[in-house]
Amino acid sequence: MTGFDPDSALVRRVCPSPNHGEREESKALDSIILHYTGMETGEAALARLCDPAAEVSCHYVIGEDGEILQLVPEVRRAWHAGKSYWAGERDMNSTSIGIELVNGGHDFGLPAYPDAQIAALAALCRDIGSRYTIPATHILAHSDVAPFRKKDPGEHFPWGRLAEAGIGHYVVPHPQDADAPLKRGSSGEKVEGLQGMLAIYGYDSAVSGLYGKKTEQLVAAFQRHFRPALVDGKADESTVATLKELLATRPREAARKMPAAVGIS
Ligand SMILES: [Zn+2]
């Protein structure tokens, strides 16, 4: 593809990537997925996102200085989420806009996200929200939709600041206390309840009553987004209370979207 007209007036530069396909027509575009590039430089990340051999892409890249680039038109299905799940949907690439934030990520010391970059992201999310109906609970981390494989955009991503700008669903994390958390090897009703709550919120959580590796990974993904002070995969009181408050405060449109089959047993 040669150039295309950007979808947003906020776009400074169009850098067309060949890596995209048709969206599944029956599915509504209702999600935004945030990533970090996880490479040493923004240039290296951009080269990879436009390399046909890499078979990855996203719609937007935001530089550390807040510069917004568009790589794939919004109507096209970019390749950023991979094997993924949220709230009943397993083809998140068809239902989302993918935004990559230039940031070295876990491999390069998990650098802080500069204010200019977060301000640009908030403006872009608002702009995308003017074209599509995106529930607050569908502005997500890659690690929320691929919790068994991915950690981005990481526990340093400022979800609270984004929420102050009116973007996403967020509550102040409940304070940590010394308590005996549910953890790998735990079982029973409390584990079932935890797994059920994670599933109702949107996570790919099976309700088995057994706290295995997958539950640990899901809890770590939850903590990375909603209780980032300690990401250990153990469901302590602070983690559970934060999850309960999120469920109690989620906007009604999110509840409506959930498939009827998902629920606490
Ligand atoms: Zn990612």
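Residues numbered from 1 in each chain as written. Predicted model: local features only at pLDDT ≥ 70, side-chain atom pairs only at ≥ 80, totals over all residues. Heavy atoms only, no water.

Q: Got a minute to help me understand helix H6 (residues 189-201) in this structure?
A: Count 3.6 residues to each turn of an α-helix, and residues three or four apart come out pointing the same way. An ideal rise of 1.5 Å per residue puts 18 Å on 13 residues; H6 measures up with 18 Å between its terminal C-alpha atoms. In terms of residue burial, H6 counts as a mostly covered element, since 10 of its 13 residues are buried. Where H6 is buried, its residues touch helix H7 (213-226) and helix H8 (237-249). Remark: Gly-202 follows H6 within two positions and exhibits a positive phi of approximately 140°. (Helix = DSSP H or I, 4+ residues; strand = E, 2+ residues; numbered from the N terminus. Expected span 1.5 Å × (residues − 1). Buried < 20%, exposed > 50% of the residue type's maximum accessible area, 1.4 Å probe, protein only. Contact = heavy atoms within 4.5 Å.)

Q: What am I meant to see in the domain arrangement of the protein chain here?
A: How big an interface is tends to be stated in terms of the accessible area lost upon association of its parts. Its domain assignment divides the protein chain into domain 1 (13-164) and domain 2 (189-257). Averaged C-alpha coordinates put domain 1 and domain 2 at centres separated by 22 Å. Every contact between the two is made by 20 residues of domain 1 and, on the other side, 17 residues of domain 2. Between domain 1 and domain 2 the total buried area reaches about 1800 Å² when both faces are included, carbon and sulfur atoms providing 62% of it. There are 2 salt bridges connecting domain 1 and domain 2. For Asp-204, the salt bridge goes to Arg-90, with nearest N and O atoms at 3.3 Å. Contributions of two or more residues to the side of domain 1 that touches domain 2 are made by strand E8 (139-141) and helix H4 (142-145). Of the residues belonging to the side of domain 1 that touches domain 2, the class tally is 10 nonpolar, 5 polar and 5 charged. (Domains from an automatic or database assignment. Buried area = accessible area lost by both parts, 1.4 Å probe. Salt bridge = Lys/Arg side-chain N within 4 Å of Asp/Glu carboxyl O. Nonpolar A, V, L, I, M, F, W, Y, C, P; charged D, E, K, R; others polar.)

Q: Would you mind showing me how to read the packing of H6 against H7 here?
A: Helix-helix packing: each pair is described by the crossing angle between the helix axes and the interaxial distance. Two elements in contact, H6 and H7, have axes whose closest approach is 11 Å; the angle formed by their N-to-C orientations is 55°. Classified by the interaxial angle, the pair formed by H6 and H7 is oblique. Crossing angle aside, the handedness with which H6 passes H7 is left-handed. Contacts between H6 and H7 pair Leu-194, Gln-195, Leu-198 and Tyr-201 from the former with Thr-215, Leu-218, Val-219, Phe-222 and Phe-226 from the latter. Each residue belonging to the contact of H6 with H7 can be placed in one class, and the counts come to 7 nonpolar, 2 polar and no charged. (Axes fitted to C-alpha atoms, helices over the stretch in contact; angles between N-to-C directions. Parallel < 35°, antiparallel > 145°, perpendicular 65-115°, else oblique. Left-handed = near helix turned anticlockwise from the far one by under 90°.)

Q: What should I look at first to understand the sheet that holds E8 in this one?
A: Through backbone hydrogen bonds, the strands of a sheet pair up, either in parallel or in antiparallel fashion. One open sheet holds the 6 strands; their spatial order is E1-E5-E4-E7-E3-E8, and the pairing between them is mixed. The strands lining the two open edges of the sheet, one partner per strand, are strand E1 (13-14) and E8. As paired strands, E1 and strand E5 (residues 68-70) are joined by 2 bridges and run parallel to one another. Paired with Val-14 across the two strands is Gln-70, which belongs to E5. Across the sheet, helix H3 (residues 115-129) lies against strand E3 (31-36), strand E4 (60-62), E5 and strand E7 (96-101), angled at about 170° from E7, the strand it touches most. (Pairing = 2+ DSSP bridges.)

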